[in-house]
Amino acid sequence: MIILVGYTSIEGQTRKIASAIAEQVEARGHRAVLFDVATMAEYSLERPEAAILCAPVHGGRYPAPFFDFVHRERGWLNGVPSAFVSVSLMIASEYSEEQDEARHFADQLIAETGWTPREIAHVAGALRFAEYDFFKRWMVRRIAAKAPAAEGVSGKADREFTDWSQVAGFVDGWLEKALAYEP
Ligand SMILES: Cc1cc2nc3c(=O)[nH]c(=O)nc-3n(C[C@H](O)[C@H](O)[C@H](O)COP(=O)(O)O)c2cc1C
């Protein structure tokens, strides 16, 4: 199968996740087309038979280029097996209301774009203080303060929360279903 692994990433963690997914897809004998939806580079080489899209939550929403891509491409996306990987920090919270908030972003994207991915994974992202300017550091500390699983990040140390075995398990499960899909 030719599988589009589309992503957008502001700080790099979602790109890292999408790259790992593309590698896994190829390791399972498929062809992955890794594609940054913000640049539109490399897309339209071939018609993908399935798609897995990944995007981070920033300031309570997904980046605009990602939203626009999903909205524009929803027609064919809904005709193939597709999955969404939502990357956020709130999903790492120990409070269920905050995890619900993180899940809500994906529900909102689906409601607003009309894309209906068959599977959704909520994956914890990373904090990269070294790369943030003052405003981002301030904003991220506020978010981290609401996510006690992210305790210890109130300083300046970078930290990755992504559960790589969760990502790998999700991709394998989805691939199995995608192969069985009949339009
Ligand atoms: C400026 C900024 C705003 C963020 N806003 C949110 C948010 O509203 N909710 C949330 O759960 N995580 C938020 N995060 C955490 C990001 O989702 C997390 O850092 C993720 O790994 C970023 O992905 P990226 O590196 O691909 O851009 C924010 C991070 C930054 C830097």
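Rules used throughout
Residues numbered from 1 in each chain as written. Predicted model: local features only at pLDDT ≥ 70, side-chain atom pairs only at ≥ 80, totals over all residues. Heavy atoms only, no water. 1 Å grid on protein atoms, 1.4 Å probe; cavity = no way out; pocket = protein on both sides within 12 Å on 5 of 7 lines; lining within 4 Å. Points joined across faces, edges and corners; volume = space filled by probe spheres on them. Helix = DSSP H or I, 4+ residues; strand = E, 2+ residues; numbered from the N terminus. Nonpolar A, V, L, I, M, F, W, Y, C, P; charged D, E, K, R; others polar. Contact = heavy atoms within 4.5 Å. Near = heavy atom within 4 Å. Polar contact = N/O pair within 3.5 Å; in protein donor to acceptor, adjacent residues only side chain to side chain. Sits in = over half its atoms within 2 Å of the grid points.

With an unreviewed UniProt entry as reference, the protein is termed Menaquinone-dependent protoporphyrinogen oxidase, source organism Allorhizobium borbori.

When its volume is computed, the largest pocket comes out at roughly 640 Å³. V57, H58, G59, V140 and I143 are the residues nearest the centre of the largest pocket, which is lined by 30 residues in total. Contributions of two or more residues to the lining of the largest pocket are made by α1 (13-27), β4 (82-88), α3 (96-113), β6 (126-127) and α4 (134-146). With eight residues, α4 is the single largest residue contributor to the lining of the largest pocket. Taken together, the residues that form the lining of the largest pocket break down as 15 nonpolar, nine polar and six charged. The space that makes up the second largest pocket amounts to roughly 170 Å³. Lining the second largest pocket are G60, R61, Y62, A64, F67, F105, Q108, L109 and E112.

By the element assignment, T113 lies in helix α3. The contacts of T113, once residues within four sequence positions are left out, are F67, V70, H71 and R74.

Turning our eyes to something else, we now look at the site of the ligand. Near the ligand there are 21 residues, and of these S9, E11, T14, V57 and A126 occur at the shortest range. In the model, an oxygen atom of the ligand is placed 2.8 Å from a nitrogen or oxygen of the G60 main chain. Contact distances for the ligand include 3.1 Å between an oxygen atom and a backbone N or O atom of L89. A molecule is said to occupy a pocket when more than half its atoms come within 2 Å of that pocket's grid points, and by this definition the ligand occupies the largest pocket. When residues of the shell around the ligand are traced back to their parent elements, those giving at least two are α1, β4 and α4. Element by element, the count of residues in the shell around the ligand is highest for α4, at three residues. Its residues assigned to classes, the shell around the ligand comprises ten nonpolar, nine polar and two charged.

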